[in-house]
Amino acid sequence: MAQATLTVWKFKSAEGAETASTTIQQLARENLITVRDAATVRWDEGAKKPKTKQLNSTTGAGALGGSFWGMLFGLLFFVPLLGAAIGAATGALSGALTDVGIDDGFINRVRDEITPGTSALFLMSSDAVIDKVRDALAGQETPELIFTNLSTEQETALREVFGEE
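Residues numbered from 1 in each chain as written. Predicted model: local features only at pLDDT ≥ 70, side-chain atom pairs only at ≥ 80, totals over all residues. Heavy atoms only, no water.

Caption draft 1: Quick look at the overall build of the chain. Within the chain, the secondary structure is distributed over 6 helices and 5 strands. From first element to last, N terminus to C terminus, the chain shows the α and β order β-α-β-β-α-α-α-β-α-β-α. The buried share of the chain, reckoned over its 165 residues, is 47%. For the chain, the share of sequence-separated contacts (at least 6 apart) that also reach a separation of at least 24 residues comes to 81%. For the chain, the accessible surface area stands at approximately 7900 Å², while carbon and sulfur atoms represent 51% of it. (Helix = DSSP H or I, 4+ residues; strand = E, 2+ residues; numbered from the N terminus. Buried < 20%, exposed > 50% of the residue type's maximum accessible area, 1.4 Å probe, protein only. Contact = heavy atoms within 4.5 Å. Areas by Shrake-Rupley, 256 points an atom, 1.4 Å probe, with all protein chains shown as cover.)

In structure tokens, the structure reads:
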């Protein structure tokens, strides 16, 4: 199985990620990318928190499932709102993510980048031709790419952490 890559594509509009998810699904149909799992974050202007959605069409082999996305999005967007009272619990959660290649730097950068009025497409993929993906997405709205590569071991650990082998 090819190495998985977690990519985060940030858009300057609240609807950009939803449009991009349609484009990514088309690229998958054209065999330019293998989508293992994906989710979108939409943060409307004036909203206190973003709306998150796992893409339903990615429930096949390799999908990480809702617990992964829930934990990641919780660390990114919801835990900071709760304050230091649950700091120890978040330390354990972020430690589990660090073991699988998602470190504090990644979390902090994504948290800083995705703000009200923006959106993001979180994509776990393999066999991606990043330039083709970028070119396809740029036709709608120029996205900013933030990504981390996961080794095979990190992907296996990720699946073990979330019990979704």
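What follows continues from the structure just given.
Caption draft 2: Seen up close, the pairing of strand 2 (residues 34–42). In this sheet, strand 4 (residues 119–126) lies alongside strand 2 in antiparallel orientation, the contact comprising 8 bridges. From the neighbouring strand, D37 faces strand 4, where its bridge partner is M124. Bridge count for strand 2 against strand 3 (residues 51–54) is 4 bridges, and the pairing is antiparallel. Bridge assignment links A39 to a residue of strand 3, and that residue is Q54. (Pairing = 2+ DSSP bridges.)

Caption draft 3: Region of interest: the environment of F11. Mapped onto the elements of the fold, F11 is located in strand 1 (residues 5–11). The spatial distance from the C-alpha of F11 to the C-alpha of L137 is 9.8 Å, given a sequence separation of 126 residues. Look past the residues within four positions of F11 in its chain and what remains in contact with it is G16, A17, A20, T118, S119, A120, L121, L137, E141 and P143.

Caption draft 4: Here's a closer look at the pattern of salt bridges. For the structure shown, the criterion picks out 5 salt bridges. With a closest N to O distance of 3.6 Å, R42 and E15 form a salt bridge. Separated by 27 residues along the polypeptide, R42 in strand 2 and E15 in the loop between strand 1 and helix 1 (16–29) bring together distant segments of the chain. Residue classification places E15 among the partly exposed positions, given a relative accessible area of 40%. Across the pair E18 and R42 runs a salt bridge whose closest N-O atoms are separated by 3.2 Å. Of this pair, E18 sits in helix 1 while R42 is found in strand 2, placing the two residues 24 residues apart along the sequence. Given a relative accessible area of 33%, E18 falls into the partly exposed group. (Salt bridge = Lys/Arg side-chain N within 4 Å of Asp/Glu carboxyl O.)

Caption draft 5: Region of interest: the nonpolar core. Judged by nonpolar contacts, the single largest core of 21 residues is most densely connected at W69, F73, L76, I114 and F122. Of all the secondary structure elements, the ones that give two or more residues to this core are strand 1, strand 2, helix 2 (66–82), helix 4 (104–113) and strand 4. The dominant element in this core, judged by the number of residues it contributes, is helix 2, at 7 residues. The contacts of F73, once residues within four sequence positions are left out, are A39, T40, V41, T52, F78 and F122. (Core = buried A, V, L, I, M, F, W, Y, C linked by side-chain atoms within 4.5 Å.)

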